Amino acid sequence: MQLRYNYRVYPDAPQRRALAKAFGCARVVWNDCLRDRKEAHAAGLPYVKSAELSRLRITQAKRTEERAWLADVSAVVLQQSLRDLDAAYKNFFDSVKGKWQSRKVGPPRYKSKKDTRQSIRLNTNAFSLQGNGTVYVAKVGDLKVKWSRRLPAAPTSLTVTKDSCGRYFLSFVVDTEPEVLPEAEVEAGIDLGLSAFAVLSDGRKIDSPRFLRRAERKLRCLQRELSRKAKGSKNRAKARIKVARQHARVADRRRDWHHKASTQIIRENQAVYVEDLAVSGLGRTRLAKSVHDAGWSSFVGMLEYKAAKHGRTFAKVDRAFPSSQICSACGFRDGPKPLHVREWTCGECGTVHDRDHNAACNVLLEGHRIVAAGRAETPNACGVPVRRAHVPAQRGEAGSRRKGQPTRAGIPSL
């Protein structure tokens, strides 16, 4: 399986200028190739192949006077930008044909130098890990990296990213083997909510940290200062960075908390079942800010890939399943209830239920049924994985240090 490991990097002034040039050249190649394909489609011409675009927009463009500066960056950066465009088109075509399982994917769009996130992608020909703890990037130099953890193996690709508040990150994709944990005796059904972030089927409640709500006062002050600055001024740019840093701080705290909570749940339970919530729909209601502050999708994604990594069973219960309407004791369906009803009594057996705990128990029971029907990834009786889906590399920092893993692949000691 593939995991992505993120590290903070601190380039000096010349390296920042070289990275800015690499970001710009990759963006220009993307836009030029995208424009050629759109113009060919509008004119009724065949789809322009990648080889033709590489010859016109990279090889021959370097020899022209108006695009001669493309030679100042690594050719790998330009070729990877074209490959990323091909991947974007493939996802769009697969979505149109119905091969894409999730929501529909739109066609590629032009990139702007004013985008809050700039990035380049490199393969092993354009970067290397140095013995002194730095990472060499072609035509940029040796970048100073803050190694927060060791890489379990040699990386296969590298993405250099600059975020909205001016921070730089290196993101390594590493191919690793699953680190199967010892079997646990318990399983968990999870009901996600707003008053409590999660309620487990064993009765435990995980309080919602509400990082955005706690930072609203500071954000309000910084946003007010930003609105008072003249557009296009340097003071406005400084104020914008302050707002972006505060938002990044909130996102970092939420991501760190999600990682810790999901890791604990996966380590303690042999199987985890979660309700598949319609987060995009809830994000358009009056609860939108609280829904986005909770970050349910990110948390469920962490549970899914960590379950695959550690040999646990994970399944999603359909969002149409009436987990809040069924009595977990006798199975009687008591009908829908408004949100302000947090406790209710079953009209059949008389059991008094906490709404969230009852829903978590029903999610656990439904998860058992899904696994028994063979529609979830789980090891069979012989220990052989059944329908183990491919797990893509996550965008956030993933995984933990493997016990007993020696320091190889040129990774410097911390």
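Residues numbered from 1 in each chain as written. Predicted model: local features only at pLDDT ≥ 70, side-chain atom pairs only at ≥ 80, totals over all residues. Heavy atoms only, no water.

Caption draft 1: How the structure looks around the overall build of the protein. Counting its secondary structure elements, the protein contains ten helices and 16 strands. Overall, the protein is about 80 × 60 × 55 Å in size when its C-alpha atoms are taken along their principal axes. Within the protein, the fraction of its 414 residues that count as buried is 45%. Taking all contacts inside the protein whose residues are at least 6 apart in sequence as the whole, residues at least 24 apart take part in 69%. Accessible surface for the protein amounts to roughly 22900 Å². Of this, 51% is attributable to carbon and sulfur atoms. For the protein, the distance from the average site of its 79 positive side-chain charges to the average site of its 41 negative ones is 8 Å. (Helix = DSSP H or I, 4+ residues; strand = E, 2+ residues; numbered from the N terminus. Buried < 20%, exposed > 50% of the residue type's maximum accessible area, 1.4 Å probe, protein only. Contact = heavy atoms within 4.5 Å. Areas by Shrake-Rupley, 256 points an atom, 1.4 Å probe, with all protein chains shown as cover. Lys, Arg positive; Asp, Glu negative; His and termini not counted. Charge placed at Lys NZ, Arg CZ, Asp CG, Glu CD.)

Caption draft 2: Layout of the packing of helix 2 (residues 50–59) against helix 3 (residues 75–97). Here helix 2 crosses helix 3 at 140°, and the two axes come no closer than 11 Å. With respect to helix 3, the axis of helix 2 lies oblique. As for how helix 2 packs across helix 3, the hand of that crossing is right-handed. Here Ser50, Leu53, Ser54 and Ile58 of helix 2 come into contact with helix 3, specifically with Leu78, Gln79, Leu82 and Asp86. When the residues that make up the contact of helix 2 with helix 3 are grouped by side-chain class, the tally is four nonpolar, three polar and one charged. (Axes fitted to C-alpha atoms, helices over the stretch in contact; angles between N-to-C directions. Parallel < 35°, antiparallel > 145°, perpendicular 65-115°, else oblique. Left-handed = near helix turned anticlockwise from the far one by under 90°. Nonpolar A, V, L, I, M, F, W, Y, C, P; charged D, E, K, R; others polar.)

Caption draft 3: Structural view of the pairing of strand 1 (residues 2–9). The element strand 1 is largely enclosed, with a buried count of six among its eight residues. Note that strand 1 and strand 7 (residues 168–175) share eight bridges and pair antiparallel. Bridge pairing links Gln2 to Asp175 in strand 7. Where strand 1 lies against strand 5 (residues 141–146), two bridges are found, and the strand directions are antiparallel. Across the sheet, the residue bridging to Val9 is Val145, located in strand 5. (Pairing = 2+ DSSP bridges.)

Caption draft 4: Fine view of the pattern of salt bridges. Under the criterion given, the structure shown has 21 salt bridges. One salt bridge in this structure joins Arg67 and Asp32, with 3.2 Å as the shortest N-O distance. Remark: Asp32 occurs in helix 1 (residues 13–42) and Arg67 occurs in the loop between helix 2 and helix 3; sequence separation between them is 35 residues. Residue classification places Arg67 among the partly exposed residues on the basis of a relative accessible area of 23%. Two residues, Arg37 and Asp86, come together in a salt bridge whose shortest N-O distance is 2.9 Å. Taken together, the residues span a long stretch of sequence, with Arg37 in helix 1 and Asp86 in helix 3 at a distance of 49 residues. (Salt bridge = Lys/Arg side-chain N within 4 Å of Asp/Glu carboxyl O.)

Caption draft 5: Quick peek at the nonpolar core. Among the nonpolar cores identified, the biggest contains 49 residues, and Val135, Leu158, Leu170 and Phe172 are the most heavily contacted of them. Broken down by element, the residue count for this core peaks at eleven residues, all from helix 1. Membership of the second largest hydrophobic core comes to 27 residues, among which are Phe197, Ala198, Ile206 and Phe299. (Core = buried A, V, L, I, M, F, W, Y, C linked by side-chain atoms within 4.5 Å.)

Caption draft 6: Broad picture of the sheet that holds strand 5. The seven strands are arranged 2-6-7-1-5-4-3 in an open sheet whose pairing can be described as antiparallel. The strands lining the two open edges of the sheet, one partner per strand, are strand 2 (118–123) and strand 3 (127–129). Neighbour to neighbour, the strand axes of the sheet diverge by 35° on average, direction disregarded. Helix 1 rests against strand 2, strand 5, strand 6 (157–162) and strand 7 of the sheet, and its axis sits at about 85° to strand 2.

Caption draft 7: Region of the structure containing the sheet that holds strand 8 (residues 187–192). Strand order in the open sheet made by the five strands is 10-9-8-11-12, with mixed pairing throughout. Because the sheet does not close on itself, it has two edges, and the strands there are strand 10 (205–207) and strand 12 (313–317). Averaged over neighbouring strand pairs, the angle between their axes works out to 20° when direction is ignored. Relative to strand 10, strand 9 (residues 196–200) runs antiparallel, the two sharing three bridges. If you follow Val199 over to strand 10, its bridge partner there is Lys205. Helix 6 (residues 234–268) contacts strand 8, strand 9, strand 10 and strand 11 (271–275) of the sheet and is inclined by roughly 170° relative to strand 10. Running at roughly 125° to strand 8, helix 10 (residues 355–372) makes contact with strand 8, strand 9, strand 11 and strand 12 of the sheet.

Caption draft 8: Here's a closer look at the packing of helix 6 against helix 9 (residues 296–309). For the pair helix 6 and helix 9, interaxial distance at closest approach is 9 Å and the crossing angle is 40°. Considering the angle they form, helix 6 stands oblique to helix 9. In the crossing of helix 6 with helix 9, the sense of the turn from one axis to the other is right-handed. In contact with Arg255, His258, His259, Ala261, Ser262, Thr263, Ile265 and Ile266 of helix 6, helix 9 contributes Ser298, Phe299, Met302, Leu303, Tyr305, Lys306 and Ala307.

Caption draft 9: Local environment of the environment of Val48. The residue Val48 is located in the loop between helix 1 and helix 2 in this model. Each C-alpha atom, one on Val48 and one on Ala359, is 52 Å from the other, the two residues being 311 residues apart in sequence. Once residues within four sequence positions are removed from consideration, Val48 is found in contact with Asp36, Arg37, Ala40 and Leu53.

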